[in-house]
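Now for the letters of each chain:
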Amino acid sequence: MALLLKNAHVIDPQVGLNETADILVRDGNIVEIGQNLTMEKGVERDLGGKIVVPGLVDIHVHLREPGYELKEDIASGTRAAAHGGFTAVCCMPNTKPVIDNAVGVEYVKARAAAVGKCRVHVAGSCSQGLKGDTLSEMGDMVAHGAVAFTDDGRGVQGAGMMRRVMDYAAQFDRVVMSHCQDEDLVGAGQVNEGVVSTRLGMLGWPAEGEEIQIARDIAICRLTGCPLHIQHLTTARGLDLVRAAKAEGLPVTCEVTPHHLFLTEDAIGDDYNTFLKVNPPLRTAEDAAALVEGVKDGTVDAIVTDHAPHNDFEKNAEFELAPFGMIGLETALSLVITNLVAPGVISWERAVELMAVRPREILRVERVALEPGATADLTVIDPDAAWTVDAADFQSKAVNSGFIGVELSGRATDVYVGGYATMEDGAIIE
């Protein structure tokens, strides 16, 4: 199949592109990028006024399948991803059964190939059953395509166990993605410990419960040489720890979520909105401002969603009984445009680095760039689209977003995976 995208504003910092050009795609790959391109036959689209970037990737997503399909499944989760402008996601292994062996990896890959609207990279668990005491079948999972390892949903509690995980992962040049949570210190914490936890009368979750494990895992990274990725970092001191590790030359990266960038503990009011109950919790305004600075100065490597769908009946409960997590695939890009790109906090190039370039580098998957020969995974964005987040508009099975009712600017309109449209003019292609 041939595809010609005309008059697009193409942006890719990997190749120094920021100009209006045409993109010619054939058989799933970019053939040429230039001016006044033509083709004999195929699909031609005029993208005047639109921006085209390398396909966005979210490296922290919960697709819930197998085992929790009532919340989300690979079909609905990848529809939500495409609707949000993503051409690929990396799914977490805290499913039922846990993805701790090659069978689990192959199951997700097969389901994604059958029903997916974007690429699905699979992260295997560090430990069997996420219990933190016995190594998962890491080598076998790598052989079957696992791109990373994490016990996301909880942290690996034992330092000795974490060393074994990282020693083993280092042999395969796979990154260990760490959910930093000292469970003994966090306990039954519900919200950030401080003024707001006191006001709400809720058990506090101290920032130190995250920071202690960040420091520990950086030390183990130094010991083992294994690439370490800190998941959903939320605190200023945690960011300083990563900044120092990078300055030391350690292979440490980190990610932040839109909800930790653009929401704070102060958003949780007397209505006890459980959509705002997330793990780790929303932190202080000072922490959020520090994360934005980390995005600006390059300390933060990726913006991810930690898309965590839950059923209405689960979230419609007392705050302390409701599960942690919110969805984010369909709002992340627009939140970044609205809060960071449009006001000039970061450039379009930096946004592409955070949401397309560095995520692929962290996972060690195929580079995607706007250049001849590259796979045609493309995200098309209308930077001027104005819209309001509405639960009825979600492709996800879940609606537990902390941004419902928020007015946003900028939105993905089209997504191409391997040269084929999975979303066109805002509608998922069936």
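Residues numbered from 1 in each chain as written. Predicted model: local features only at pLDDT ≥ 70, side-chain atom pairs only at ≥ 80, totals over all residues. Heavy atoms only, no water.

### Observations concerning the domain arrangement of the protein chain
Alright, step 1. Domain annotation of the protein chain identifies domain 1 (2-52 + 373-428) and domain 2 (55-363).
Alright, step 2. Centre-to-centre, using C-alpha coordinates, domain 1 lies 26 Å away from domain 2.
Alright, step 3. Each partner contributes residues to the interface: domain 1 has 39 residues there, and domain 2 has 47 residues.
Alright, step 4. For the domain 1 and domain 2 pair, buried surface summed over both sides reaches about 3500 Å², with 65% attributable to carbon and sulfur atoms.
Alright, step 5. A per-residue breakdown of the area domain 1 buries against domain 2 is headed by Lys397, Asn400 and Phe403, which together make up 21% of the total.
Alright, step 6. Across the domain 1-domain 2 interface, the total number found is 2 salt bridges.
Alright, step 7. Here Lys397 makes a salt bridge to Asp73, at a shortest N to O gap of 3.0 Å.
Alright, step 8. Only strand 16 (378-388), strand 17 (407-417) and strand 18 (420-424) provide two or more residues apiece to the side of domain 1 that touches domain 2.
Alright, step 9. It is strand 17 that provides the largest number of residues to the side of domain 1 that touches domain 2, a total of 9 residues.
Alright, step 10. Per-class residue counts for the side of domain 1 that touches domain 2 are 20 nonpolar, 14 polar and 5 charged. (Domains from an automatic or database assignment. Contact = heavy atoms within 4.5 Å. Buried area = accessible area lost by both parts, 1.4 Å probe. Salt bridge = Lys/Arg side-chain N within 4 Å of Asp/Glu carboxyl O. Helix = DSSP H or I, 4+ residues; strand = E, 2+ residues; numbered from the N terminus. Nonpolar A, V, L, I, M, F, W, Y, C, P; charged D, E, K, R; others polar.)

### Here's the deal with the nonpolar core
Alright, step 1. The biggest cluster of nonpolar side chains holds 96 residues, and the ones touching the most others in it are Ile230, Val252 and Met355.
Alright, step 2. Both domain 1 (2-52 + 373-428) and domain 2 (55-363) contribute no fewer than three residues apiece to this core.
Alright, step 3. Once residues lying within four places of it in the same chain are set aside, the contact partners of Met355 are Leu56, Val57, Phe86, Ile303, Ala332, Leu333 and Val336.
Alright, step 4. Core analysis: the next-biggest nonpolar cluster, separate from the first, contains 16 residues, Leu5, Leu17, Val25 and Val52 among them. (Core = buried A, V, L, I, M, F, W, Y, C linked by side-chain atoms within 4.5 Å. Buried < 20%, exposed > 50% of the residue type's maximum accessible area, 1.4 Å probe, protein only.)

### Notes on the environment of Glu366
Alright, step 1. Locating Glu366 in the fold gives a position in the loop between helix 13 (348-363) and strand 16.
Alright, step 2. Once residues lying within four places of it in the same chain are set aside, the contact partners of Glu366 are Arg360 and Thr375.
Alright, step 3. Reaching out from Glu366, the side chain makes a polar contact with the side chain of Thr375 at a distance of 2.6 Å. (Polar contact = N/O pair within 3.5 Å; in protein donor to acceptor, adjacent residues only side chain to side chain.)

### Topic: helix 13
Residues spaced three or four apart along an α-helix point in a common direction, a consequence of the helix completing one turn every 3.6 residues.
Alright, step 1. Counted at 1.5 Å a residue, the expected span for helix 13 with its 16 residues is 22 Å, and the 22 Å between its end C-alpha atoms agrees.
Alright, step 2. Maximal helix bending in helix 13 amounts to about 40°, located at Leu354.
Alright, step 3. Among the residues of helix 13, those classed as buried are Trp348, Arg350, Ala351, Val352, Leu354, Met355, Ala356, Val357, Pro359, Arg360, Ile362 and Leu363.
Alright, step 4. Two residues or fewer after helix 13 comes Arg364, characterised by a positive phi angle close to 60°. (Expected span 1.5 Å × (residues − 1). Bend = angle between axes of the 7 residues up to and from the residue.)

### Some thoughts on the environment of Leu223
Alright, step 1. By the secondary structure assignment, Leu223 is in helix 7 (residues 208-224).
Alright, step 2. Overall, the relative accessible area of 52% leaves Leu223 in the exposed class.
Alright, step 3. Separated by 60 residues in sequence, Leu223 and Arg163 have C-alpha atoms that sit 8.2 Å apart.

### As for the UniProt feature "binding site: Zn(2+) 2" (unreviewed entry) in the protein chain
Alright, step 1. In the UniProt entry, the feature "binding site: Zn(2+) 2" (unreviewed entry) is given for Asp152, His179 and His232. Across 81 residues of sequence, these annotated residues stay compact in space, with a maximum C-alpha separation of 10.2 Å.
Alright, step 2. By relative accessible area, which is 2% here, Asp152 ends up buried.
Alright, step 3. Sequence-distant contacts of Asp152, that is, excluding residues within four places in its chain, are made with His60, His62, Met92, Asn94, Leu130, His179, Gln231, His232 and Asp306.
Alright, step 4. Mapped onto the elements, His232 comes out in the loop between strand 13 (228-230) and helix 8 (236-248).
Alright, step 5. The class for His232 is buried, based on a relative accessible area of 2%.
Alright, step 6. What His232 contacts, discounting residues up to four positions off in sequence, is His60, Asp152, His179, Glu210, Glu255, Thr257, His260, Asn279, Pro280 and Asp306.
Alright, step 7. Here the side chain of His232 touches His179 through a polar contact of 3.2 Å, side chain to side chain. (UniProt positions renumbered as here; feature names shortened; annotations may be inferred.)

### Digging into a nonpolar patch on the surface
Alright, step 1. Together, Met1, Val43 and Tyr420 line one region of the surface with nonpolar side chains, adding up to about 280 Å² of accessible area.
Alright, step 2. Judged by relative accessible area, Tyr420 falls into the partly exposed class, the value being 49%. (Patch = residues over 30% accessible without salt bridge, like charges linked within 9 Å, V, L, I, M, F, W, Y side chains within 5 Å. Areas by Shrake-Rupley, 256 points an atom, 1.4 Å probe, with all protein chains shown as cover.)

### A few points about the side chain of Lys277
Alright, step 1. Here Lys277 shows up in the loop between helix 9 (258-262) and helix 10 (285-297).
Alright, step 2. Glu320 provides the closest opposite charge to the buried, unpaired Lys277, separated from it by 6.9 Å.
Alright, step 3. Polar contacts involving the side chain of Lys277 include one to the main-chain carbonyl oxygen of Glu320, which spans 3.4 Å.
Alright, step 4. Once residues lying within four places of it in the same chain are set aside, the contact partners of Lys277 are Gln190, Lys315, Phe319, Glu320, Leu321, Ala322, Pro323, Phe324 and Gly325. (Lys, Arg positive; Asp, Glu negative; His and termini not counted.)

### A closer look at the UniProt feature "binding site: substrate" (unreviewed entry) in the protein chain
Alright, step 1. When the UniProt feature table is mapped to this numbering, "binding site: substrate" (unreviewed entry) covers His62, Leu63, Arg64, Asn94, Asn279, His310, Phe324 and Gly325.
Alright, step 2. Residue placement: Phe324 occurs in the loop between helix 11 (312-315) and helix 12 (332-341).
Alright, step 3. Here Phe324 is in contact with Gly189, Gln190, Trp205, Lys277, Val278, Asn279, His310 and Lys315, once residues within four sequence places are set aside.
Alright, step 4. Considering the arrangement of structural elements, one finds Gly325 in the loop between helix 11 and helix 12.
Alright, step 5. In this structure Gly325 comes out as buried when scored by relative accessible area, which is 6%.
Alright, step 6. Excluding anything up to four places from it in sequence, Gly325 contacts Phe275, Lys277, Val278, Asn279, Ala308, His310, Lys315 and Asn400.

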